[in-house]
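# Observations on the model geometry
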Amino acid sequence: MTNRSVPCLLAVLLAGTAQAAEPPTWQWAGWGGGGFYYAAAFHPTQAGTVYLGGDVAGVYKSTDGGRSWKMINRGLADYGVFSLACDRTAPETVYAATAGGLCKSTDGGAQWRLLPQTGPRELRLTGEKGKSVRCVAVDPQRGNVVWAASPAGRVYRSNDGGESWQLSYQPATEGDPAGTLRVQFGKVTGDWHGGYWIPFTPPAGLTNDAVQGFGLTFRGDGLLPRDCFLTLKASTGAAYRSRNLRELFGTKTWSEVVLTAADFGLDPEYAKQHPEAVTAYRGPDWSQLNRLDFVCVGPLMNEAPVGRFTRFYYQTAAGPQPVREFAKAPAVATYGNVRVGAAQGGPIHAIAVAERQPELVFAASDDRGVLRSRDGGQSWTALPTPSHAVSVAPAPSDPQVVYAAFGKDGVQRSVDGGETWQNLSAALPANCAVNEVAVSPRDPQAVSLIGSIGWDGAFLSSTNGGTTWTTSSQIRTDLTANPTLPAESSPTAKLSAPRNLAINPQNPQELLIAANWRPCVSRDGGRSWDESVRGADISCVHDLRFSGDRVYAAAMDEGTLVSADRGATWRALWPPRWDRELSGHNWRLAISPGPTGDQIVATCSPWDSVPNRVIVSSDGGQTLQRTTAGLPATNPTANTMWGTGYPRALAADPRQPQTLYLGIDGDPSDGREGGGLFRSTDGGRTWTRSPGQPGGRRVFYGLLVDPTDSQRLYWGASGSGGGVWRSADGGTTWQHVFKSESWVFNLAIAADGTVYCPGRNLWRSSDHGTTWKQVSKFPDNGRQVIGLALDPDNPQRIWCSTVTWDGSSQGGVYETTDGGASWQEITADLPYVKPLILRYDAARHELWAAGVGIYRCSR
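Every value quoted in this text rests on a predicted model; they were computed, and no experiment measured them. (Residues numbered from 1 in each chain as written. Predicted model: local features only at pLDDT ≥ 70, side-chain atom pairs only at ≥ 80, totals over all residues. Heavy atoms only, no water.)

## Some points on the overall build of the protein chain
Helix and strand counts for the protein chain stand at three helices and 70 strands. Whereas a compact globule of 859 residues would reach a radius of gyration of roughly 29 Å, the protein chain reaches 28 Å, a difference of no more than 12%. If you line up the protein chain on its principal axes, its C-alpha atoms span 80 × 80 × 55 Å. Here the protein chain, with 859 residues, has 61% of them falling under the buried criterion. Counting only contacts in the protein chain whose residues sit at least 6 apart along the sequence, the fraction spanning at least 24 positions is 56%. If you sum the accessible surface of the protein chain, you get close to 31,600 Å²; carbon and sulfur atoms cover 49% of it. (Helix = DSSP H or I, 4+ residues; strand = E, 2+ residues; numbered from the N terminus. Rg over C-alpha atoms; globule rule 2.2 N^0.38 Å. Buried < 20%, exposed > 50% of the residue type's maximum accessible area, 1.4 Å probe, protein only. Contact = heavy atoms within 4.5 Å. Areas by Shrake-Rupley, 256 points an atom, 1.4 Å probe, with all protein chains shown as cover.)

Laid out in C-alpha cells, this is it:
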C-alpha cells in the first residue's frame, strides 16, 4: 500500500454515511525560491526534462528546461530530498534519496515508492543534509544494478532495482570492550532531544541506607551536548533527575561515575504535578527504583555527541551491585534523536559508476578519502587523496580520468584511474570549499565545479582538465517568480551555497545548479546563469490573512509578502535586503483596514541571535516600524517548542484591532524572564507583560480573543500544563479549562464564541470552555490536528489538517459539513499534504492551505 493509499482509506472510514463531495483541485498560489535546494538531475533522453530536490518540499519536475517547475511528491516517503539519480536504460525511472529512505519512481515522478529496508532505522540508505551530495548511482548499462551510499559510512549494491541490498563496503569497527553500548545522541532525526530507557529491578534486600549512589561506567567522545540528564523513576510514581551531566562527554577515557543523593532532585515535571513532594523531598527512594532514562537535549539536529556505556549499578559499601550489564543484556528502548549501535564511519557523500566500465566504482568518503572498487564492489581500495572527499566523477568518455572534490582541500584529478592525483586548486577563489565536480559527457578535459565561500557561491569551468578555470557566479534574477530581497537582487544576484551540479547528458551546454535561495540554469555551458524557481515553492509559511482583494503571507526566512491577484504574483514587503535587525522568520500576522492602507502587524525572529520583535506598518507595507518595546531582551530557551522561544501566537481584539495579544513560548530560567503573554493597546508598537500568565507557557499558534467578550482570552499550551487556559479578565487570572489532551498547537473561534481545540482529535466548546465535546475520531496514528478553518456562513462546515512533526509525507486535509459527525478527506492532489495553516476566504468561497508552499481550492 502506498503512502497516499492510507489517507484515502481513512477518508472512507471518516466519511461515515455522509455523501462524499467531489474532491477539490488545488491550485498553486505561492512563489518560488527563498529556501535550500540540494539535488539536481537531468532526464537521460528527454530534452527539457529535469528534476530538482529541496530540503522541505520534496521533488520538483520541469519539462521546459527549468523555466517552470511542478512538485511531484505523490508517495514520496519524506519531503527532505538530498540526492537524485536517473536510470539510462529505463529513462522514466528516477531514484530520490530522502530523509525517510530511498524512493523510486518508474513513471517520471508521477508516483513514488519507498524501497524496502532503506529507512533511517534500517539500512539507512537515506539522503541527509550535509552528508549526501550524490549518494545514489544507477549502472549506466545494467539499470537493475543500483548503488547507494549511506550517511553511516557504508556502500550498498542492489541487483534488482532496489528491492534487496547487499553490503559492499563498511569501515573498520572501533576497539571498544565487549559488551559496550554505543549511543549517538543527534543527527538521526530533527528532534532536540534523544535518549534511551531501561527497566530494572533493584537487587534483592537492597535498603536505602546501604546505597551510596547510582553509578555508570562511561566514556565520551569529547563533544559536549548542551544538556544531559539521568532520570530515575520509582514504582511509587516519583521521578528524580540528576544534575546536568554534559561534562561527562568531555572525558575520552573510561571512568566510573557515581552520582550521590546530592546529585539528584525531583524531576521538574513531576514536581509541578506533585507540589507536596517538593517540601517532603529528602533524596531518591533508591530501593523503589524501576526505570532509568539517559537523555541529551540541545541542537542535536546539528551535533552528535557519542557516549559509550558498559553498565549501570548501585554503589554500596560492599561494592557495585549492577542493575544492567550490557554484555549480558544489550537491548534498550530509544526515543527522539538517538541511534544505538556499533561505531560508524563518516558519511559516504557520493557514489559514481564509470560509464564505459561499470565494474569500476568510486565513492567519496567523509573521512577515508576516495574509495575505488574495480570488481563491482567486491573489494575496495582507499586511494591516495585527502581524507575528506565529498564528490567523485569519472569522465563518461574515459574511465581513466577521474575528478574529485575535497571541500576546503579543493579539487584533484587522476588520469590513471585513481592511482595518482594532481591538485587543481591553485587558481580557485580564496576560502572556496568545493562541493561537487562534474565532467562533460563528451570531453574528459571539460570539467565544472561548484563551491561555497561562506554563504556565497562559485561556479568554475575548465576546458583543459582544470589547468585554468573560468568563474561565472552571477545569476540573472526573476523577481516575478521569486520576489524576495528585491533591493539586492535586481538585475542579478550572487550564487549562494550551491549543493549540486548537473550536466545534461544529451547537451552538455545545459547545466542546473541546486543552491540556496535561487537555483539556476545555464544554456551556454556555464557562461551565464538564469534563476530557475518558477513553481519551485519551498517557502515555510506560518500565516495567511485576507484583506479585500489582498492576501498576506508570513514566512520563515523570507519575511512578509502580499499578493493582489489571489497568489498569481507576490510582492515582498520586508525585508528588501539582508538586514540584521529584520532578516529572519516572520510568524504571524494581524491585518486590519486603516485610513492610509492596511494596518499590518507581523511577529519576527531575526536569524542573527537578535531578540524577538514586532513589525508594524500603517500604510499597507510602504513603511514600517520595528519594535521590541516591552518584549523580552533575550529569547527564552527553557520549555520551548524548538529550543528557542518564538512569537508564534498573535491575536487581535475583533472589537478593537489596536489591542493585540502576543504569545512567546518559554519559561523563566537563569534569571531571564522567559516568554508568555504580552498585550499592546497601540497597534503593536509597545507591549506590556500580562500581570497573569497561563500555567503552561509552551505555546505555538494557540491564542484567541473571544469576539463576544474582549476580556475573554484563550491560550493553547503543550507539554507540562498543556491544554487550554482561559482568562475572563484580559489575562490577569487564568483557569485550566481543557485537560483531555496536553499538546494543543492551535485554537479557532467562531463569531458566536464557539471554541475549537485541536489535539490528536478536534474538540469543541459551546459554553466558553466550560465543557468540551470531541467532534472527530481520527485514528491514533501519531498525527496532530494543527490547521483549522471555519466557515462564517455555515457553522456546520469546518476544515482541519493533520500533520506529523518530522519530514515524512504523512498528513491530510479534512472537511466536515455536519459539525463533525462525519469527515471527508479533501487532500486530493495537494503536493504538500500536511499544511500547518488553513484559511477560508468566505467572500470568494476559497480554502487556502499553507505550510511548505501555498495552495487554494474552491469550496
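This is not the end of the story, as more comes after the structure.
## Quick notes on empty space enclosed by the protein
Here the structure, examined in full by the defined rule, presents four cavities of 30 Å³ or more. One number sums up the size of the largest cavity: a volume of about 820 Å³. If you trace the largest cavity, you find 35 residues lining it, with Arg88, Arg134, Val353, Pro396 and Ile503 closest to the centre. Elements represented by at least two residues in the lining of the largest cavity include exactly β2 (37-42), β6 (81-86), β10 (136-138), β26 (348-353), β30 (391-395), β34 (433-439) and β40 (500-503). Looking at the lining of the largest cavity residue by residue, the class counts come to 29 nonpolar, two polar and four charged. (1 Å grid on protein atoms, 1.4 Å probe; cavity = no way out; pocket = protein on both sides within 12 Å on 5 of 7 lines; lining within 4 Å. Points joined across faces, edges and corners; volume = space filled by probe spheres on them. Nonpolar A, V, L, I, M, F, W, Y, C, P; charged D, E, K, R; others polar.)

## Quick look at the sheet that holds β26
With antiparallel pairing, the four strands of this open sheet are ordered in space as β26-β27-β28-β29. Bordering the open sheet on either side are β26 and β29 (381-382), each of which pairs with just one other strand. The pairing of strand β28 (residues 369-373) with β29 spans two bridges and is antiparallel. Residue pairing across strands places Arg372 opposite Thr381, the latter belonging to β29. (Pairing = 2+ DSSP bridges.)

## Some points on the sheet that holds strand β35 (residues 447-453)
Read from one edge to the other, the open sheet built from four strands follows the order β34-β35-β36-β37, with strand pairing classed as antiparallel. The open sheet terminates on both sides in strands that have one partner only, identified here as β34 and β37 (470-471). As defined by bridge partners, strand β36 (residues 456-462) adjoins β37 across two bridges and the pair is classed as antiparallel. Along β37, the bridge assignment pairs Ser461 with Thr470.

## Brief notes about the side chain of Lys104
On the secondary structure map, Lys104 appears in strand β8 (residues 101-105). Here Lys104 occupies a buried position and makes no salt bridge, while the nearest side chain of opposite charge, Glu163, is found at 5.0 Å. Within the structure, the side chain of Lys104 is placed 3.0 Å from the backbone oxygen of Gly161, a separation counted as a polar contact. Apart from the residues within four sequence positions on either side, Lys104 is in contact with Thr93, Val94, Tyr95, Gln111, Trp112, Arg113, Leu115 and Gly161. (Lys, Arg positive; Asp, Glu negative; His and termini not counted. Salt bridge = Lys/Arg side-chain N within 4 Å of Asp/Glu carboxyl O. Polar contact = N/O pair within 3.5 Å; in protein donor to acceptor, adjacent residues only side chain to side chain.)

## What to know about the pairing of β2
By the criterion of burial, β2 is predominantly enclosed, with six of the six residues buried. For β2 and strand β3 (residues 50-54), the ladder comprises five bridges, and the chain directions are antiparallel. Within β3, the residue paired with Ala41 across the bridge is Tyr51.

## Observations concerning the environment of Ser617
The residue Ser617 is located in strand β50 (residues 613-617) in this model. Expressed as a C-alpha distance, the spacing of Ser617 and Leu573, which sit 44 residues apart in the sequence, is 9.8 Å. Those residues within four positions of Ser617 in sequence are excluded, and the remaining contacts are Trp574, Asp598, Gln599, Ile600, Gln622, Thr623 and Leu624. A polar contact is formed between the side chain of Ser617 and the side chain of Asp619, at a distance of 2.9 Å.

## Overview of the pattern of salt bridges
Under the definition given, this model contains 44 salt bridges. When the shortest N-O distance is used, the salt bridge between Asp263 and Arg243 registers 3.0 Å. Of this pair, Asp263 sits in the loop between β19 (255-259) and β20 (264-266) while Arg243 is found in the loop between β18 (239-242) and β19, placing the two residues 20 residues apart along the sequence.

## A short note on the pairing of strand β23 (residues 319-325)
Here six bridges tie strand β22 (residues 306-316) to β23, and the two strands are oriented antiparallel to one another. Each residue of the ladder has a partner; that of Arg311, found in β23, is Glu325. The hairpin formed by β22 and β23 contains two residues between the paired strands.

## Here we look at the packing of aromatic side chains
Counted by the stated rule, this structure contains 40 aromatic pairs. Considering the side-chain rings of Tyr196 and Phe294, the 6.2 Å spacing of their centres and the 25° angle between planes classify their relative orientation as stacked. Here Tyr196 is found in strand β15 (residues 193-199), whereas its partner Phe294 is found in strand β21 (residues 289-297), with 98 residues between them in sequence. No difference in accessibility class separates Tyr196 from Phe294, as the two residues are buried. Between Phe309 and Phe312, the ring centres sit 5.9 Å apart and the planes meet at 25°, which makes this aromatic pair stacked. (Phe/Tyr/Trp six-rings, centres within 6.5 Å; stacked < 30°, edge-to-face > 60°.)

## Some remarks on the side chain of Ser452
Locating Ser452 in the fold gives a position in strand β35. Its relative accessible area of 10% is what places Ser452 among the buried residues. Side chain to side chain, Ser452 and Asn435 meet in a polar contact 2.8 Å long. Here the side chain of Ser452 touches Arg499 through a polar contact of 3.2 Å, side chain to side chain. Contacts of Ser452, omitting those with residues within four sequence positions, involve Asn431, Cys432, Ala433, Asn435, Gly457, Ala497, Pro498 and Arg499.

## Looking at the state of the cysteines
Considering all chains together, one arrives at zero disulfides under this definition. Looking at the unpaired Cys296, the closest cysteine sulfur is the one in Cys228, lying at 3.9 Å. Taking the relative accessible area as the measure of exposure, Cys296 reaches 0% and is therefore buried. (Disulfide = S-S within 2.5 Å.)

## Quick word on the confidence of the model for the protein chain
Across the protein chain, the average pLDDT comes to 94, with 97% of residues at or above 70. A low-confidence stretch, residues 1-19 stays under pLDDT 50, and its non-local contacts, those more than four residues away or across chains, total 32 contacts. (pLDDT = per-residue confidence, 0-100.)

## Focus on unusual backbone geometry
In the segment running from Ser490 into Pro491, the intervening peptide bond is cis, with an omega of 5°. Here Pro491 lies in the loop between β38 (474-476) and β39 (492-494). A positive phi angle, close to 65°, is found at Gln117, a residue other than glycine. What makes Gln117 partly exposed here is its relative accessible area of 46%. The phi angle at Trp517 is positive, at roughly 75°, despite the residue not being glycine. Within the element layout of this structure, Trp517 appears in the loop between β41 (511-514) and β42 (520-522). Here Trp517 falls in the buried class, since its relative accessible area comes to 10%.

## Describing the environment of Trp469
By the secondary structure assignment, Trp469 is in the loop between β36 and β37. Beyond its immediate sequence surroundings of up to four residues, Trp469 is in contact with Val411, Leu424, Ala427, Leu428, Val447, Leu449, Leu460, Ser461 and Ser462. Side-chain polar atoms of Trp469 contact the backbone oxygen of Leu424, separated by 3.2 Å. Looking at Trp469, its side chain comes within polar contact range of the main-chain oxygen of Gly466, at 3.1 Å.

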